Amino acid sequence: MVNIDNKPASEFASIFQAVGLDKKAYSPSAATVTVSDWPTLGSMIDAGTTLVAFMDNTADFSSVPYLIDEFTNMWETAYGECSEGRELAKAGQGGARRTAKWLRPLRC
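Residues numbered from 1 in each chain as written. Predicted model: local features only at pLDDT ≥ 70, side-chain atom pairs only at ≥ 80, totals over all residues. Heavy atoms only, no water.

K.L.:
Sorry if this is basic, but what is going on with the overall build of the protein here?
P.N.:
Scanning the protein from N- to C-terminus turns up 3 helices and 4 strands. Put simply, the protein runs from its N terminus to its C terminus through helices and strands in the order α-α-α-β-β-β-β. Within the span of the protein, comprising 108 residues, buried residues form 21% of the whole. Here the contacts in the protein between residues at least 6 apart in sequence split such that 68% fall between residues at least 24 apart. When the accessible area of the protein is evaluated, it comes to approximately 8,000 Å², of which 55% is carbon and sulfur surface. (Helix = DSSP H or I, 4+ residues; strand = E, 2+ residues; numbered from the N terminus. Buried < 20%, exposed > 50% of the residue type's maximum accessible area, 1.4 Å probe, protein only. Contact = heavy atoms within 4.5 Å. Areas by Shrake-Rupley, 256 points an atom, 1.4 Å probe, with all protein chains shown as cover.)

The structure is reproduced here in structure tokens:
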């Protein structure tokens, strides 16, 4: 979520609670989670916590743990979109051994 007005996380929490999203939102075990500590999608589905909410500003793990600080809990790969006219793979196209041509290490 973009919090351009720097509202406290608690204001967002009251809205989440009013519509029941606080019960569906994943809460990590700590304010900053390593890549290997994230749960699998299957475990999130089993737990009923299928919503992941990142906040760009004023996230406060101690009061609203399910509004996760975006900048300390996201990672980027070395792959990006550098070339125009790249071919996007269609659903079901290719096999497990086929590599998407547009995935290249970022060297723009």
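Text resumes after the structure shown.
K.L.:
Explain the nonpolar core to me, please; I cannot follow it from the model alone.
P.N.:
Note on soluble globular proteins: their nonpolar side chains tend to be buried together. Ala9, Phe12, Ala13, Phe16, Ala25, Ala53, Met55, Val64, Tyr66 and Leu67 form the largest nonpolar core, which has 10 residues in total. Those elements giving two or more residues to this core turn out to be helix H1 (9-19) and strand E1 (53-55). Among the elements that make up this core, the one with the highest residue count is H1 (4 residues). Aside from chain neighbours lying at most four places away, what touches Ala9 is Met55, Thr58, Asp60, Val64 and Leu67. (Core = buried A, V, L, I, M, F, W, Y, C linked by side-chain atoms within 4.5 Å.)

K.L.:
Could you clarify how one ought to interpret the side chain of Asn73 in this entry?
P.N.:
Mapping Asn73 onto the fold places it in the loop between strand E2 (67-69) and strand E3 (79-80). Overall, Asn73 belongs to the buried group, its relative accessible area being 1%. From its side chain, Asn73 meets the backbone oxygen of Ala31 in a polar contact 2.9 Å long. Within the structure, the side chain of Asn73 is placed 3.2 Å from the side chain of Thr72, a separation counted as a polar contact. Ignoring any residue separated from it by four or fewer positions in sequence, one finds Asn73 in contact with Ala31, Thr32, Val33, Trp38, Phe54 and Ile68. (Polar contact = N/O pair within 3.5 Å; in protein donor to acceptor, adjacent residues only side chain to side chain.)

K.L.:
So what exactly am I meant to see when it comes to the environment of Tyr66 here?
P.N.:
Here Tyr66 is to be found in the loop between E1 and E2. The class for Tyr66 is buried, based on a relative accessible area of 8%. The spatial distance from the C-alpha of Tyr66 to the C-alpha of Ala25 is 5.8 Å, given a sequence separation of 41 residues. Sequence-distant contacts of Tyr66, defined by excluding residues within four places in its chain, comprise Ala13, Phe16, Gln17, Asp22, Ala25, Tyr26, Ser27 and Ala53.

K.L.:
I tried to follow the pattern of salt bridges on my own but got confused; where do I start?
P.N.:
Between side chains of opposite charge, a pair can form when the charged atoms approach closely. Here the structure, examined in full by the defined rule, presents 1 salt bridge. As a salt-bridge pair, Asp22 and Lys23 come within 3.6 Å of each other at their nearest N and O atoms. Of the residues examined, Lys23 reaches a relative accessible area of 64% and is grouped as exposed. (Salt bridge = Lys/Arg side-chain N within 4 Å of Asp/Glu carboxyl O.)

K.L.:
Looking at this structure, how should I read the packing of aromatic side chains?
P.N.:
Aromatic ring pairs are defined here through the distance separating the ring centres and the angle between the ring planes. All told, the structure shown has 3 aromatic pairs when counted by the stated rule. Geometrically, the ring pair formed by Tyr26 and Trp38 is tilted, given 5.3 Å between the ring centres and 40° between the ring planes. Of this pair, Tyr26 sits in the loop between helix H2 (21-24) and helix H3 (41-47) while Trp38 is found in the loop between H2 and H3, placing the two residues 12 residues apart along the sequence. In this structure Tyr26 comes out as buried when scored by relative accessible area, which is 10%. Three or more aromatic residues joined by ring pairs make a cluster, and in this case those are Tyr26, Trp38 and Phe54. (Phe/Tyr/Trp six-rings, centres within 6.5 Å; stacked < 30°, edge-to-face > 60°.)

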